[in-house]
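In case you want the letters, here they are:
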Amino acid sequence: MEQKGHIKKYKIGVVGAGHVGLVAAACFAELGHRVICVDNDAGKINSLKKLIMPFYEPELEPLVRKNIKKGILTFSSSLDETIKAAQVIFIAVGTPPQPDGSADLTAIENVAQAVARNLDSYKIVIEKSTVPVQTGQKVKETIYRYRKSNVDFDVASNPEFLREGKAVYDFFYPDRIVLGVESPRAEKILKEIYSSLKAPMVITDINTAELIKHASNSFLAAKISFINAVSRICDLAGADVEKVSLAMGLDKRIGAQFLNAGVGYGGFCFPKDVEAFIYISKKLGYEFGFLKEVKRINDEQRRYFVEKIKEHLWIIKGKKIAVLGLSFKPDTDDMRFAPSVDIVEAFLKEGAYVRVYDPKAKKEAGELFRGKRVEFAGNPYRAVKGCDCVCFLTEWEEFKKLDFKKIKVLTRYHLIADGRNMLDAQKLTKMGFEYIGMGR
Ligand code: UDX
């Protein structure tokens, strides 16, 4: 992205080199700010210094390379040094889910403590990764409690809405920028940081900014579960959910996106964020039953998919099943909470032989399925050879271009289970495949 005109440049520290942190660090550098990205995983930082990306994200690597070369983006494993050097500190550390659904905020507190230790001039600390509402308050209290002098600081919230696989694009072309601030100074700095992006800004208090993130992600998850519930009724009534989605989506009040029925949502955001919102709401005194149902419907889609295959194959034990697509969605190698994990496990439990293929997630999936009866194939055709059923669980573009004539020759039984409603059902049926869709 080319910069036009003059924008005020800041010295920014980004804490956390995960998906949110690394993308933000590279993109802030691209906007012209000086950025130090810090992570306590020294191995990750060393790899980044050698230009090895810790995960696959389109467009990210060239941006990192370019800005390292320019000397505008640097990496460090020292939190204290990074905080000392930066005026603006974005917190993008992980907030992993705990068994009760709450988020583990130890890493956030650790950053707040480090800011308190190193507060030698005014600094602004901004939450970027998803945190429970009222976390900003806690960060502020922690810095007050542990700071050694009366140096001024601000805490702010700037939730990140980027999607994996489209993260760089989403950073530069966001639908909105949400700024939760408590002082005109904090507002001015954040506005200046983003001044070259053209997006509506929503300026609000910190609690509201935090809540906007919970509400947005949970609403999108709810939209998916809604259409998945409708897809179940379509199956029962003999209707086509694809047409239902199309017609619903043409209503501008509803919108066409996030109405694809299938095996449901996965990834590190929706499952975790829905759980966290249920937990936080309860803690605040509201039982969010609606969201519990969103989660239940999503979990059930995975079981339902396996049930449908069972109906066709009768006995799964001893059958060969090919799974094409493992990552939780296309254009990422992320396997966290991917529907494929539960579905492959269910096949294994039933005694099937499972052969899998994914264009990017082989390494991640290899770690997850290590020691299990899962065979990895180097290409889709190898995966389907001799199989009784071919499942599609991620809508990678390359799967839409597969030679299904060849697949018909290679498979033992011609059953296709399309967990993403991504294939032409009519064409496949005409070719002699049995086709299983989700609500169509
Ligand atoms: C999501 C939010 O979109 C993003 O704003 C937030 O910052 C992080 O969480 P991400 O997890 O990258 O982003 O994935 P997204 O593209 O939103 O998809 C989430 C899941 O929903 C995927 O598993 C996808 O396959 C599924 N999905 C999406 C559906 O099942 N149906 C749909 O119609 C859309």
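Reading the values: rules and limits
Residues numbered from 1 in each chain as written. Predicted model: local features only at pLDDT ≥ 70, side-chain atom pairs only at ≥ 80, totals over all residues. Heavy atoms only, no water. Near = heavy atom within 4 Å. Polar contact = N/O pair within 3.5 Å; in protein donor to acceptor, adjacent residues only side chain to side chain. Nonpolar A, V, L, I, M, F, W, Y, C, P; charged D, E, K, R; others polar. Domains from an automatic or database assignment. Helix = DSSP H or I, 4+ residues; strand = E, 2+ residues; numbered from the N terminus. Expected span 1.5 Å × (residues − 1). Salt bridge = Lys/Arg side-chain N within 4 Å of Asp/Glu carboxyl O. Buried < 20%, exposed > 50% of the residue type's maximum accessible area, 1.4 Å probe, protein only. Contact = heavy atoms within 4.5 Å. Pairing = 2+ DSSP bridges. Right-handed = clockwise from strand over helix to strand, strands pointing away. Core = buried A, V, L, I, M, F, W, Y, C linked by side-chain atoms within 4.5 Å.

A. Molecular detail of the site of the ligand. Near the ligand lie 19 residues; those nearest to it are Phe 161, Glu 164, Asn 260, Phe 328 and Lys 329. A distance of 3.5 Å separates an oxygen atom of the ligand from a polar atom in the backbone of Glu 160. Asn 260 has a polar backbone atom sitting 2.8 Å from an oxygen atom of the ligand. Of the residues contributing to the shell around the ligand, the split by class is nine nonpolar, four polar and six charged. Mapping the shell around the ligand onto the domain boundaries places at least three of its residues in each of domain 1 (11–204) and domain 2 (218–436).

B. Summary view of helix 9 (residues 206–237). Between the first and last C-alpha of helix 9 there are 47 Å, a value that for 32 residues agrees with the 46 Å anticipated at 1.5 Å per step. Capping the start of helix 9 is the job of one residue whose side-chain oxygen sits 3.2 Å from the backbone nitrogen of Asn 207: Asp 205. Trailing helix 9 by a residue or two, Gly 238 shows a phi angle of about 70 degrees, which is positive.

C. Expanded view of the pattern of salt bridges. Scanning the entire structure with this criterion turns up 31 salt bridges. Of the charged contacts in the structure, one is a salt bridge between Glu 160 and Lys 128, with a shortest N-O distance of 3.0 Å. With Glu 160 in the loop between strand 6 (153–157) and helix 7 (167–172) and Lys 128 in the loop between strand 5 (123–127) and helix 6 (135–146), this residue pair connects regions lying 32 residues apart in the sequence. Given the relative accessible area of 10%, Glu 160 is considered buried. Linking Lys 272 and Asp 273 is a salt bridge whose minimum nitrogen-to-oxygen distance equals 3.7 Å. For Lys 272, a relative accessible area of 10% puts it in the buried group. By relative accessible area, Asp 273 is classed as buried at 4%.

D. View of helix 11 (residues 270–284). For helix 11, which comprises 15 residues, the first-to-last C-alpha distance of 21 Å matches the rise-based estimate of 21 Å (1.5 Å per residue) to within 8%. Taken together, the buried positions of helix 11 are occupied by Phe 270, Pro 271, Lys 272, Asp 273, Val 274, Ala 276, Phe 277, Ile 278, Ile 280 and Ser 281. At its buried positions, helix 11 is contacted by helix 9 and helix 12 (289–313). Phi turns positive one or two residues past the end of helix 11, at Gly 285, with a value near 110 degrees.

E. Looking closely at the pairing of strand 10 (residues 353–357). Counting buried positions along strand 10 yields four of five residues, so the element is predominantly enclosed. By the bridge criterion, five bridges tie strand 9 (residues 320–324) to strand 10 in an arrangement that is parallel. Note on strand 10: the bridge partner recorded for Lys 320 is Tyr 353. In this region the chain leaves strand 9, passes through helix 13 (residues 339–349) and returns to the parallel neighbour strand 10; the handedness of that crossover is right-handed. Here strand 10 runs beside strand 11 (residues 374–376); their pairing, made up of three bridges, is parallel. Across the sheet, the residue bridging to Val 354 is Val 374, located in strand 11.

F. Representation of the nonpolar core. Of all hydrophobic cores here, the largest spans 47 residues; its most connected members are Phe 28, Phe 90 and Tyr 194. No other element matches helix 1 (residues 19–30), which puts eight residues into this core. Beyond its immediate stretch of four places on either side in the chain, Tyr 194 contacts Phe 28, Phe 90, Lys 128, Asn 158, Phe 171, Ile 177, Leu 179 and Met 201. Core analysis: the next-biggest nonpolar cluster, separate from the first, contains 32 residues, Leu 313, Leu 326, Cys 389 and Cys 391 among them.

G. Fine view of the pairing of strand 7 (residues 177–180). The alternating pattern of strand 7 places Ile 177 and Leu 179 on one face and Val 178 and Gly 180 on the opposite face, and all of these are buried. In this view, the connection linking strand 7 to its parallel neighbour strand 8 (residues 201–204) by way of helix 8 (residues 184–193) has right-handed handedness.

In short, the description is geometric, and any link to function would need to be established separately.
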